[in-house]
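Coordinates in review
The primary structure of each chain is shown beneath.
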Amino acid sequence: MLDKKYFQRLIESSPDIIIAVDKSGIVNYYNDGARTSLGYSPEEMIGQKCTRIYPSIEEARRLMKAMRESADTGRINSFETEFRNKAGELIPIMISGALIYDDEGREVGSIGFARDIRRLRRAQQLATAGEIAVSLAHEINNPLESITNNIELLSQCLETRLTESEQVVENERLDSIRNSIERVRAIVQRLDEMTRKGEYETRDYLAGKRMADLAPREDAKGQPRSDDAPHLTEQSPLRGMSVLVLDDDAAVVNSLADLLRAEKCIVHCATRPSAAFGILRNVKLDAVISDIVMPEMDGYDFYLRVKEEMPKLPVILMTAYYYDKDHILKRSRLRGLEGALFKKPVNPGMLRAMLTQLRQKAAQEKAEAKAAVIAAKAAGASAPGPTPKPIPQS
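Let me sum up the structure you'll find in this document. None of these values were measured; they are calculated from a predicted model.

So, about the overall build of the protein. A tally of regular secondary structure across the protein gives 11 helices and 12 strands. Expressed as a percentage of its 394 residues, the buried residues of the protein come to 38%. If you take every contact in the protein between residues at least 6 apart in sequence, the share linking residues at least 24 apart comes to 58%.

Below, the discussion takes up the layout of surface pockets. Summary: where empty space remains is shown by rolling a probe the size of a single water molecule over the atoms. The calculated volume of the largest pocket comes to roughly 500 Å³. Along the wall of the largest pocket there are 15 residues; nearest its centre are D286, K312, P314, A362 and E365. Its residues assigned to classes, the lining of the largest pocket shows six nonpolar, one polar and eight charged. Put simply, the second largest pocket is a space of about 430 Å³. Along the walls of the second largest pocket sit 28 residues, with V21, G25, C50, A60 and M64 positioned nearest its centre. Of all elements in the fold, only β1 (17-22), α4 (57-68) and β5 (107-116) reach the threshold of two or more residues within the lining of the second largest pocket. Across the lining of the second largest pocket, the residue classes break down as 16 nonpolar, six polar and six charged.

Core analysis: the biggest nonpolar cluster contains 24 residues, and I19, Y30, L38, I53, F83 and I95 have the highest contact counts within it. For this core, the elements supplying multiple residues, two or more each, are β1, β2 (27-30), α2 (32-38), α4, β3 (75-84) and β4 (90-101). In contact with I19, other than residues within four places in its own chain, are V27, Y29, Y30, A34, L38, I53, S110, I111 and G112. One finds L256, A262, M354 and L358 within the second-largest nonpolar core, a separate group that totals 23 residues.

Here strand β8 (residues 242-246) lies mainly inside the structure; five of its five residues are buried. Side chains S242, L244 and L246 of β8 all project onto a buried face; the interleaved residues V243 and V245 project onto the opposite face, where all are buried too. One ladder, built from five bridges, connects β8 with strand β9 (residues 266-270); its direction is parallel. Within the sheet, the bridge partner assigned to S242 lies in β9 and is I266. Regarding the hand of the β-α-β motif, the stretch spanning β8, helix α7 (residues 250-262) and β9 is right-handed. Here four bridges tie β8 to strand β10 (residues 287-291), and the two strands are oriented parallel to one another.

Our next topic: a nonpolar patch on the surface. The grouping of Y6, F7 and L10 at the surface amounts to a nonpolar patch, some 300 Å² of accessible area in total. Position of L10 among the secondary structure elements: in helix α1 (residues 4-12). Of the residues examined, L10 reaches a relative accessible area of 43% and is grouped as partly exposed.

With that out of the way, let us pick up α4. Spanning 12 residues, α4 covers 17 Å between terminal C-alpha atoms, matching the ideal 16 Å at 1.5 Å per step. The complete set of buried residues in α4 reads E59, A60, L63, M64 and M67. Burial along α4 is one-sided: seen end-on, the buried residues are contained in an arc of 140°. Of the residues in α4, the exposed ones pointing more than 90 degrees away from the buried face are E58 and R61. Contacts from the buried residues of α4 go to β3, β4 and β5.

Turning to the side chain of D16, a few remarks are in order. Topologically, D16 is positioned in the loop between α1 and β1. Residue class for D16 comes out buried when judged on its relative accessible area of 18%. Setting aside residues no more than four positions away along its own chain, D16 makes contact with N31, G33, A34, A114 and R115.

Conventions used here
Residues numbered from 1 in each chain as written. Predicted model: local features only at pLDDT ≥ 70, side-chain atom pairs only at ≥ 80, totals over all residues. Heavy atoms only, no water. Helix = DSSP H or I, 4+ residues; strand = E, 2+ residues; numbered from the N terminus. Buried < 20%, exposed > 50% of the residue type's maximum accessible area, 1.4 Å probe, protein only. Contact = heavy atoms within 4.5 Å. 1 Å grid on protein atoms, 1.4 Å probe; cavity = no way out; pocket = protein on both sides within 12 Å on 5 of 7 lines; lining within 4 Å. Points joined across faces, edges and corners; volume = space filled by probe spheres on them. Nonpolar A, V, L, I, M, F, W, Y, C, P; charged D, E, K, R; others polar. Core = buried A, V, L, I, M, F, W, Y, C linked by side-chain atoms within 4.5 Å. Pairing = 2+ DSSP bridges. Right-handed = clockwise from strand over helix to strand, strands pointing away. Patch = residues over 30% accessible without salt bridge, like charges linked within 9 Å, V, L, I, M, F, W, Y side chains within 5 Å. Areas by Shrake-Rupley, 256 points an atom, 1.4 Å probe, with all protein chains shown as cover. Salt bridge = Lys/Arg side-chain N within 4 Å of Asp/Glu carboxyl O. Expected span 1.5 Å × (residues − 1). Arc of directions from axis to C-beta.

This is the structure in structure tokens:
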């Protein structure tokens, strides 16, 4: 059994707020954890009404009513309320407490064990914000992908229809749209970074009001703009390349397909992995571009099944999320993924360059295989035949 003095020191040194009051609400015990959290010294609290630390007498009565009406004989657990500290600030707390009875069963007071839950609430808010950030990135980046692709197509169309002076004006407008897209993308990325790190900054927006500072940082590294890439020419390096586009967002599929068709590609589209496999098994393809988060299976499982059936078919993965939450990229790379993980909106110039590289690699491998066959045939033709046996003389 614990020594009484040791037990008293244990309670006194607890970081929790421990306060005991008599039946009339006068404080008769106030530990060091209460002093640290609330700012009042024991001398300022002992002998005073407990309502001093409540925002109102009604809130103090609400707590006592919960104790008296509890089914657990005068006890409450994890009851949320607020205390007011010496500086006048309201502190959200979670309190567990119990009524105290004398030997005859009469109520003589109560004791409460309270904990400042500001950090807990902040963690919960950040967790909620994190979930919102992940969903926001996906829901915003998918339409941004469609907008980016259509701007690229519009830019190519204007080049063939406008004079040079007219192109200057329209390109300025397109650049303004591209810059706005990049700003939206950077803001969503900033929100994602803040929630994952658990840290964020705020700034004033009205007197006494603050808001989260989502402004993109100057050192933020975004994707190169689509107009940094060389423009489409009549002799597109992707002409005749057969590509399958798989994404559960139809707008992304359609805009990406239009962009590739403008590059003279032969494009096949699917919005579900099962439909994609139907195309894969019946059409000769040069590459597959697939989303990661989809119904039926994720991008990693899709990639493994493609590699199982068609080991040499290149696969490029893309996503609207800002980080590899389920390590799909890492796991896929360990299995030989050809394409880097594109973050939507996909840069058209980067995609064009990657598909060109894959096509050149396939052509080189085909040429090397053909050369090896020719060399093998040549080696077989030049090899000496068997020595003829002498004909026996009769």
